[in-house]
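Spelled out, the chains give:
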Amino acid sequence: MDVVLQIPVAGASKSEIYQDVKRDILAVLDGEPNRVARMATCVCLLSQAFPDWFWTGFYVVDEVKKAQGTDELVVGPYNGTLGCLRIAFSRGVCGAAAAQQTTQIVPDVHAFPGHIACDTRSNSEIVVPVVNARNELIAVFDVDSEQFGTFDEVDQAGLEAIMTAVFAA
Ligand code: SME
């Protein structure tokens, strides 16, 4: 791999960091079709660029359950403390993002009905739906923070742009 990763510049804005990470992810993944490799690379480079993130990872649509008529997510590549293994579309922030196919920004997870506390240290969260080139849901990307109100529309725009470029292009 002859990609030179750029360490985020001190003082860079959040928006600039997302642009830099997106460039690095796409450079690393050039020519790599494997979905697990693509997910693992997103988790690695995003969690390194944002060291304050507490949990960063994917919950993937379980295709076996889907064929049986059940909508369920199963944990995929992640960085952080032990994650729950399975999440029904009807539960939690991840389930809401999957069922509605819209990004969920939750400034206080304790106020979110049905929030699933995989780790009690999590206080705010963002979950972005991930679709393929046919606009079919394949996963959700979940980030948790120990601080309240960590995520905003800049995170939403940055993460949605990365997920689209990596999985739907
Ligand atoms: N809090 C999530 C569950 C996943 S973990 O945070 C890793 C939810 O409510 O969907």
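See the structure printed just above.
Cut-off values and rules
Residues numbered from 1 in each chain as written. Predicted model: local features only at pLDDT ≥ 70, side-chain atom pairs only at ≥ 80, totals over all residues. Heavy atoms only, no water. Axes fitted to C-alpha atoms, helices over the stretch in contact; angles between N-to-C directions. Helix = DSSP H or I, 4+ residues; strand = E, 2+ residues; numbered from the N terminus. Left-handed = near helix turned anticlockwise from the far one by under 90°. Contact = heavy atoms within 4.5 Å. Nonpolar A, V, L, I, M, F, W, Y, C, P; charged D, E, K, R; others polar. Buried < 20%, exposed > 50% of the residue type's maximum accessible area, 1.4 Å probe, protein only. Parallel < 35°, antiparallel > 145°, perpendicular 65-115°, else oblique. Phe/Tyr/Trp six-rings, centres within 6.5 Å; stacked < 30°, edge-to-face > 60°.

**Q** Even after reading the chapter, I still don't get the packing of helix α1 (residues 14-29) against helix α2 (residues 35-49), so can you show me in this structure?
**A** Helix-helix packing is characterised by the crossing angle of the two axes and by the distance between the axes. Close contact between α1 and α2 brings their axes to 10 Å; oriented N to C, the two are set at 145°. Crossing angle aside, the handedness with which α1 passes α2 is right-handed. Seen from α1, the contacting residues are I17, Y18, V21, D24, I25, V28 and L29; seen from α2, they are A37, R38, T41, C42, L45, L46 and A49. Classifying every residue of the contact of α1 with α2 by side-chain character gives 11 nonpolar, one polar and two charged.

**Q** What should I look at first to understand helix α4 (residues 92-100) in this one?
**A** Because the α-helix completes a turn every 3.6 residues, residues three or four places apart line up on one side. For α4, the tally of buried residues reaches seven of nine residues, placing the bulk of the element in the interior. Every buried residue belonging to α4 is among G92, V93, C94, G95, A96, A97 and A98, and all of these are buried. Turning to α4, the residues buried within the fold contact β1 (53-61), β2 (72-79), β3 (86-88), β4 (104-106), β5 (124-131) and β6 (137-145). Downstream of α4 by one or two residues, Q101 has phi in the positive range, about 50°.

**Q** Help me out: how do you make sense of the packing of α1 against helix α5 (residues 153-167) in this one?
**A** Close contact between α1 and α5 brings their axes to 9 Å; oriented N to C, the two are set at 10°. Considering the angle they form, α1 stands roughly parallel to α5. Here α1 and α5 pass one another in a crossing that is right-handed. Residue-level inspection shows K14, S15, Y18, K22, I25, L26 and L29 of α1 in contact with α5, the latter providing V154, D155, G158, L159, A161, I162, A165 and V166.

**Q** What is the right way to read the environment of A37 from this model?
**A** Relative to the assigned elements, A37 resides in helix α2. Each C-alpha atom of the pair A37 and P77 lies 8.9 Å from the other, and the pair is 40 residues apart in sequence. Residues in contact with A37, not counting those within four places in the same chain, are L29 and E32.

**Q** Hey, could you run me through the packing of aromatic side chains in this one?
**A** Two numbers describe a pair of aromatic rings. These are the distance of the centres and the angle of the planes. Under the definition given, this model contains seven aromatic pairs. Centroid distance W55 to Y78: 4.8 Å. Interplanar angle 20°. Geometry classified as stacked. Taken as a pair, W55 in strand β1 and Y78 in strand β2 lie far apart in primary sequence, 23 residues in all. Geometrically, the ring pair formed by F58 and F167 is edge-to-face, given 5.7 Å between the ring centres and 70° between the ring planes. Taken together, the residues span a long stretch of sequence, with F58 in strand β1 and F167 in helix α5 at a distance of 109 residues. Look at F58 and you get buried, because its relative accessible area is 0%. For F167, a relative accessible area of 9% puts it in the buried group. Aromatic rings pair up to connect Y18, F50, W53 and F151 into one cluster.

This is a description of form; function is not addressed.
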